[in-house]
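Here's the letter readout for the chains.
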Amino acid sequence: AQRVTQPEKLLSVFKGAPVELKCNYSYSGSPELFWYVQYSRQRLQLLLRHISRESIKGFTADLNKGETSFHLKKPFAQEEDSAMYYCAPGQGAGSYQLTFGKGTKLSVIP
Amino acid sequence: DTAVSQTPKYLVTQMGNDKSIKCEQNLGHDTMYWYKQDSKKFLKIMFSYNNKELIINETVPNRFSPKSPDKAHLNLHINSLELGDSAVYFCASSNRGEDTQYFGPGTRLTVL
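To start, this report covers the structure provided alongside it. (Residues numbered from 1 in each chain as written. Chains lettered and ligands numbered in written order. Predicted model: local features only at pLDDT ≥ 70, side-chain atom pairs only at ≥ 80, totals over all residues. Heavy atoms only, no water.)

## Some points on the nonpolar core
Stated formally: As used in this record, nonpolar core signifies buried Ala, Val, Leu, Ile, Met, Phe, Trp, Tyr and Cys residues forming a set joined through side-chain atoms within 4.5 Å. Each residue is assigned to one of three classes by its accessible area relative to the maximum for its type, calculated with a 1.4 Å probe on protein chains only: buried under 20%, partly exposed between the two thresholds, exposed over 50%. Helical segments are the DSSP runs of H or I of at least four residues, strand segments are the runs of E of at least two, and each set is numbered from the N terminus.
Membership of the largest hydrophobic core comes to 24 residues, with the highest contact counts inside it found for Trp35, Leu47, Leu48, Leu72 and Tyr85 of chain A. Those elements that provide at least two residues to this core are strand E2 (10-14), strand E3 (19-21), strand E5 (32-38), strand E6 (45-49), strand E8 (69-74), strand E9 (83-91) and strand E11 (104-109) of chain A. Leu11, Cys23, Trp34 and Ile78 of chain B belong to the second-largest nonpolar core, a separate cluster that totals 19 residues.

## Comments concerning the state of the cysteines
Note on terminology: disulfide describes a covalent bond linking the sulfur atoms of two cysteines. Applied cut-off: Any cysteine sulfur atom paired with another within 2.5 Å is treated as part of a disulfide.
One pass over the full model with this rule turns up two disulfides over all chains. The side chain of Cys23 of chain A participates in a disulfide bridge whose partner is Cys87 of chain A; the two sulfur atoms lie 1.9 Å from each other. Judged by the sign of its S-S torsion, about -65°, the bond between Cys23 of chain A and Cys87 of chain A is left-handed. Of this pair, Cys23 of chain A sits in the loop between E3 and strand E4 (24-26) while Cys87 of chain A sits in strand E9, and the two are 64 residues apart along the sequence. Using a relative accessible area of 0% as the deciding quantity, one classes Cys23 of chain A as buried. Residue Cys87 of chain A is classed as buried on the basis of its relative accessible area, which comes to 0%. Sulfur-sulfur distance for the disulfide between Cys23 of chain B and Cys91 of chain B comes to 1.8 Å. With the S-S dihedral at roughly -75°, the linkage between Cys23 of chain B and Cys91 of chain B falls on the left-handed side.

## Some words on the interface of chain B and chain A
For an interface, size is often stated in terms of accessible area lost upon the parts coming together. We apply this condition: Between two residues, a contact is recorded if the distance between any of their heavy atoms is within 4.5 Å. Buried area: the sum, over both parts, of the accessible surface (1.4 Å probe) that disappears when the two are put together. For this document, the term salt bridge refers to a Lys or Arg side-chain nitrogen within 4 Å of an Asp or Glu carboxyl oxygen. As used in this structure description, the phrase polar contact means that two N or O atoms lie within 3.5 Å; if the pair is within protein, one of them must be able to donate a hydrogen and the other to accept it, and residues adjacent in sequence are counted only when both atoms belong to side chains. All residues other than Ala, Val, Leu, Ile, Met, Phe, Trp, Tyr, Cys, Pro, Asp, Glu, Lys and Arg, Gly among them, are scored as polar; the first ten of these are nonpolar and the last four charged.
Listed as interface residues are 26 residues of chain B and, on the opposing side, 19 residues of chain A. Carbon and sulfur atoms supply 52% of the area that chain B and chain A bury against each other, a total of about 1900 Å² over both sides. Here chain B and chain A share zero salt bridges between them. Along the contact surface separating chain B from chain A lie five residue pairs in polar contact (both at pLDDT 80 or more). Put simply, the parts of the chain that give the side of chain B that touches chain A at least two residues each are strand E4 (31-37) and strand E5 (43-50) of chain B. Ranked by residue count, the leading element in the side of chain B that touches chain A is E5 of chain B, at five residues. Across the side of chain B that touches chain A, the residue classes break down as eleven nonpolar, nine polar and six charged.

Function-wise, these values are silent; they only describe arrangement.
Structure below.
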């Protein structure tokens, strides 16, 4: 069965401190990996995808296939980063099936 | 110019009732999804649907059924509502074979 583990329900850091949101997955096949974010009073939206190797809003995520992890990192947290973050592996040729983790609430303290 | 919209935003109803939640997308996407987010913020896929296939998460009770009058709409019908159905329901859309999904604002369903 597909499973995604985000061990921290809540993560509080001070502004300017480094942030790491952990994600481990158990998934059959070779899924693509995504991070989605939900800011307060806004809808869920894609933050970044592994395949693009991109940095969005200063965030990067490294895929470690050996550890089946896809941790999200940012060197210096900003107050506007406070949000709910979801790790989501997915695959599919037609309908793309995403499996979301339970989410980590990031709170950046000014 | 809302991309994915849902109505209603809030729905409060009694156990045993039948209700529907509507979803519309104006992105020209051909695939739509329904997700359920429970009180612990756990987000789980319920259905994915395009005009050729419906994929149902096996854990979804058959009281839940998606109805698609056209490519831009995927409504969620729920029969015989139960207390455990209380959650936030999110609609999303994408293009077939593409990985980015665009989410609606959610519908908070409360069953009393």
